[in-house]
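# Notes for the structure review
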Protein chains: 2
Amino acid sequence: MKQGHRYGLHRVLEPQGAMPQPAWRIDNTMDVYANEILIDVETLNIDSASFAQIREAEAGDPARIGAHMQRIVAERGKHHNPVTGSGGMLIGRVRTVGADLAGRIDLRPGDRIATLVSLSLTPLTIDEILSLDVKTGQADIKGQAILFESGLYAKLPDDLPDRMALAVLDVCGAPAQTEKLVRPGDTVVILGAGGKSGSLVLAQARRSAGPAGKIFAVEYGEAACDALRELGWADEVLTLDCTRPVDVLTAVERATGGRMADVTINCVNLPGTEMSSILATREEGTVYFFSMATSFTAAALGAEGVGKDVTMIVGNGYTRGHAMLALQLVREEPKLREMFASKYGA
Amino acid sequence: MKQGHRYGLHRVLEPQGAMPQPAWRIDNTMDVYANEILIDVETLNIDSASFAQIREAEAGDPARIGAHMQRIVAERGKHHNPVTGSGGMLIGRVRTVGADLAGRIDLRPGDRIATLVSLSLTPLTIDEILSLDVKTGQADIKGQAILFESGLYAKLPDDLPDRMALAVLDVCGAPAQTEKLVRPGDTVVILGAGGKSGSLVLAQARRSAGPAGKIFAVEYGEAACDALRELGWADEVLTLDCTRPVDVLTAVERATGGRMADVTINCVNLPGTEMSSILATREEGTVYFFSMATSFTAAALGAEGVGKDVTMIVGNGYTRGHAMLALQLVREEPKLREMFASKYGA
Ligand SMILES: NC(=O)c1ccc[n+]([C@@H]2O[C@H](COP(=O)([O-])OP(=O)(O)OC[C@H]3O[C@@H](n4cnc5c(N)ncnc54)[C@H](OP(=O)(O)O)[C@@H]3O)[C@@H](O)[C@H]2O)c1
Ligand SMILES: NC(=O)c1ccc[n+]([C@@H]2O[C@H](COP(=O)([O-])OP(=O)(O)OC[C@H]3O[C@@H](n4cnc5c(N)ncnc54)[C@H](OP(=O)(O)O)[C@@H]3O)[C@@H](O)[C@H]2O)c1
């Protein structure tokens, strides 16, 4: 077996010198290198922005959508939508663990895994599309994929339905970062606490802050706020539009008695919520931006603009142990499991 | 005099409910509120990323650059570059201290100050551009500006030339953050170490890391690299293009003997350097993005794509004591002072 680069540089075809993710085309020959993992793919979970674009381009026709997906992979060697720039994740069964990795990692042929790196950098072949769910963007296929030595994965749990596991794994970085950032006794504000990442963050923040901590969950919709009150982890649920920083500032000032948050975690899926996050946080506190809709300059200049000395952290999707922590949280908190089950089928 | 909001909300025109920084357009009527400061502007210091964009768009022609700047201010009521999202800062002379602030702050009419909040949120008028330095992005103008109650400023020091002080104050957040992040014995990689912020960061990193630390300065141009070697603070100066992550990875691997950086500080003024910053950093290390050209998604997805558990920090321009620290550094390090003097006149 040949030896490849741990970041998959040996697979980059075009342009030379690029990393696999930004590369236009990568080598998807299913000829495994000594430090790669070969996977028989079962299901592709196309990123929702990407799938929406393809569905629209093909007028919602499943056969045409499938052909479109196959064209992308044939052209680029990966399911990297050239319009949206995004990928997705996959589920599959390990076929081969490269000689250099065998024994060094916890995978064996036959294990079922989800990849935790984007499809936009994953060498992929699609032999056949077996079925396609036009609503969710999940496709069962016959095909293969390669995971690089640096590639992240999680073994699929036996005790959780695949779809639920996928939804949890998609946002598993958020609760893991929460566990790193929140200390006992902290005051924590969670923006967008009713969503997938938000509810995991809420459960973890309650654990990490402990009984002496104060947790404030912020959500927009009344129904979502009621659901959050049901969960019982927040000291108070605040019904607010996070794109309105002045409202958020005023409400958090009142709720915390002017103390403001030690840690604010932004899980909203809309742009324009940087300033709310900054204003909710105390001097020398921390803002964690999990939301991909965050603008770097809005955050940097926003904090400076109000003279706020806060540490602002970019939501890295990966933290060591993130998948385990998130799945464990769902196992241990029946209310969380119920919530995910109701959204993603039991 | 009318009473305004401490964060300047009373000046926001479009969209309603926004803060002055993210707002598209603010009210630049030079009619001072009771908690504002009115300034006669002398010099604008356009943010490096912003000025580079404008200069390129106008093919380096000073008259066209000036017209471009005036167009931005006419349209938005502030020098907020719609392409880069960034601003800059200014120096000027205090004309009026609002009635509510007089006596409560250390400013009087006639004092010369530099504003330490971004031009991207500062109400500004430009009556005339008197002169423009196409190399540095500094422009002498006739015009006025408003500082909100929450706005930061520094009185101009007597012992340093204005232009030099302005250049130093523009990027004073960077060395202050370096002082917070770098511990004795750390390995530090500085990308764009030859620029304004980069050279201040370099001097501070040398101090903070101490003799046991290792400092690697990365720069593009050969001349800039030679100048960095002259300074003598870096253990090694690496001549690299930071938009080529594989080159940066390889060079930093070699230079650090595979250890990689505990802290990487990005001071480059160009887009596309997120991946280089991430790859230069060790597992569980820290990347500090001072560069305003940083893309949030490129950073978040980039780190996940290579499975790198790094803490990525958004470069907040403000940290307590930042202006003093940066000016003091220039006073105490004659080589740094010389370098700024040669670029910004003695
Ligand atoms: N950093 C990473 O690695 C990473 C990985 C995956 C996802 N993400 C990002 O994380 C974010 C959240 O993802 P998710 O899957 O948790 O999304 P989600 O399930 O859709 O949750 C978003 C939540 O924000 C709420 N919300 C929307 N607008 C709001 C507003 N104006 N004020 C207050 N709350 C508001 C939504 O409430 P309603 O339902 O009532 O509208 C919803 O509860 C997304 O931006 C996603 O791109 C990041
Ligand atoms: N976060 C904040 O609050 C804040 C405040 C102010 C400024 N900033 C940002 O900080 C950044 C730096 O500002 P600055 O004033 O220090 O800029 P600067 O003086 O222009 O320095 C930029 C440096 O990067 C170098 N460089 C450019 N392209 C490179 C490449 N491909 N590889 C390696 N080095 C390269 C430049 O070298 P050459 O001269 O050889 O091209 C220069 O030495 C800008 O993006 C600015 O917007 C942030």
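Per an unreviewed UniProt entry, chain A carries the name L-erythro-3,5-diaminohexanoate dehydrogenase and comes from Tumebacillus lacus. Under the heading Cofactor (unreviewed entry), UniProt records this for chain A: "Zn(2+)". Turning to chain A, the UniProt record has this under Sequence similarities (unreviewed entry): "Belongs to the zinc-containing alcohol dehydrogenase family."

## Remarks on the interface of chain A and chain B
Taken residue by residue, the interface counts 49 residues in chain A and 52 residues in chain B. Note on chain A versus chain B: buried area summed over both sides is about 4300 Å², and carbon and sulfur give 65% of it. Interface area lost by chain A to chain B is led by A:Phe296, A:Glu304 and A:Val314, which between them contribute 17%. If you look at where chain A meets chain B, you find four salt bridges. Residue B:Glu284 is joined to A:Arg320 by a salt bridge in which the shortest nitrogen-to-oxygen separation is 3.1 Å. Summed over the shared surface of chain A and chain B, the result is 13 residue pairs in polar contact (both at pLDDT 80 or more). For the side of chain A that touches chain B, the elements supplying multiple residues, two or more each, are α7 (245–255), α8 (274–279), β13 (281–289), α9 (296–305) and β14 (311–314) of chain A.

## Remarks on the relation of the copies chain A and chain B
In the superposition of chain A on chain B (RMSD 2.6 Å, axial shift 0.3 Å), the rotation amounts to 179°. What the superposition gives is, in effect, a two-fold axis relating one chain to the other. Rotation axis and chain A: the residue whose C-alpha lies nearest the axis is A:Ile313, separated from it by 2.4 Å.

## Quick notes on the UniProt feature "domain: L-erythro-3,5-diaminohexanoate dehydrogenase N-terminal" (unreviewed entry) in chain A
With numbering aligned to this structure, UniProt lists the feature "domain: L-erythro-3,5-diaminohexanoate dehydrogenase N-terminal" (unreviewed entry) at residues 10–157 of chain A. Overall, residues 10–157 of chain A shows 17% helix and 35% strand. The separation of its end C-alpha atoms is 32 Å.

## With respect to helix α11 (residues 334–344) of chain B
All names here are of chain B. All buried positions along α11 are accounted for by Leu336, Met339, Phe340 and Tyr344. Each buried residue of α11 lies within a common arc of 110° when the element is viewed along its axis, so the set occupies one face. Away from its buried face by more than 90 degrees, α11 exposes Pro334, Glu338 and Ser342. At its buried positions, α11 is contacted by β7 (138–147), α3 (162–170), α5 (196–209), α6 (222–231) and α10 (322–332).

## As for the site of ligand 2
In the vicinity of ligand 2 lie 26 residues, with B:Asp47, B:Ser197, B:Glu219, B:Asp241 and B:Gly315 positioned nearest. Residue neighbours of ligand 2 fall on chains A and B, so the site bridges chains. Within the contact set of ligand 2, an oxygen atom lies 2.2 Å away from a side-chain nitrogen or oxygen of B:Glu219. With respect to ligand 2, the side chain of B:Ser291 contributes an N or O atom lying 3.4 Å from an oxygen atom. Relative to its free-state accessible area of 930 Å², ligand 2 is covered by the protein chains to the extent of 86%. Contributing elements (two or more residues each) for the shell around ligand 2: α1 (48–57) and α5 of chain B. Across the shell around ligand 2, the residue classes break down as 10 nonpolar, 10 polar and six charged. Formed jointly, the shell around ligand 2 draws a minimum of three residues from each of two domains, domain 1 (9–156) and domain 2 (173–344) of chain B.

## A look at the confidence of the model for chain A
Per-residue pLDDT for chain A averages 94, and the proportion of residues at 70 or more is 99%. Confidence estimates for the predicted assembly give a pTM of 0.90 and an ipTM of 0.90.

## Observations regarding the pattern of salt bridges
Where charged atoms from two side chains of opposite charge approach closely, those side chains can pair. All names here are of chain A. Taken as a whole and assessed by the stated rule, the structure comprises 47 salt bridges over all chains. With a closest N to O distance of 3.0 Å, Arg112 and Asp162 form a salt bridge. With Arg112 in strand β5 (residues 112–115) and Asp162 in helix α3 (residues 162–170), the pair connects residues that are 50 residues apart, well separated along the chain. Residue classification places Asp162 among the partly exposed positions, given a relative accessible area of 31%. When salt bridges with common partners are traced through the structure, they connect Glu42, Arg93, Arg112 and Asp162 into a single cluster.

The rules we used
Residues numbered from 1 in each chain as written. Chains lettered and ligands numbered in written order. Predicted model: local features only at pLDDT ≥ 70, side-chain atom pairs only at ≥ 80, totals over all residues. Heavy atoms only, no water. UniProt positions renumbered as here; feature names shortened; annotations may be inferred. Contact = heavy atoms within 4.5 Å. Buried area = accessible area lost by both parts, 1.4 Å probe. Salt bridge = Lys/Arg side-chain N within 4 Å of Asp/Glu carboxyl O. Polar contact = N/O pair within 3.5 Å; in protein donor to acceptor, adjacent residues only side chain to side chain. Helix = DSSP H or I, 4+ residues; strand = E, 2+ residues; numbered from the N terminus. Least-squares fit on C-alpha atoms with pLDDT ≥ 70 in both. Buried < 20%, exposed > 50% of the residue type's maximum accessible area, 1.4 Å probe, protein only. Arc of directions from axis to C-beta. Near = heavy atom within 4 Å. Areas by Shrake-Rupley, 256 points an atom, 1.4 Å probe, with all protein chains shown as cover. Nonpolar A, V, L, I, M, F, W, Y, C, P; charged D, E, K, R; others polar. Domains from an automatic or database assignment. pLDDT = per-residue confidence, 0-100.

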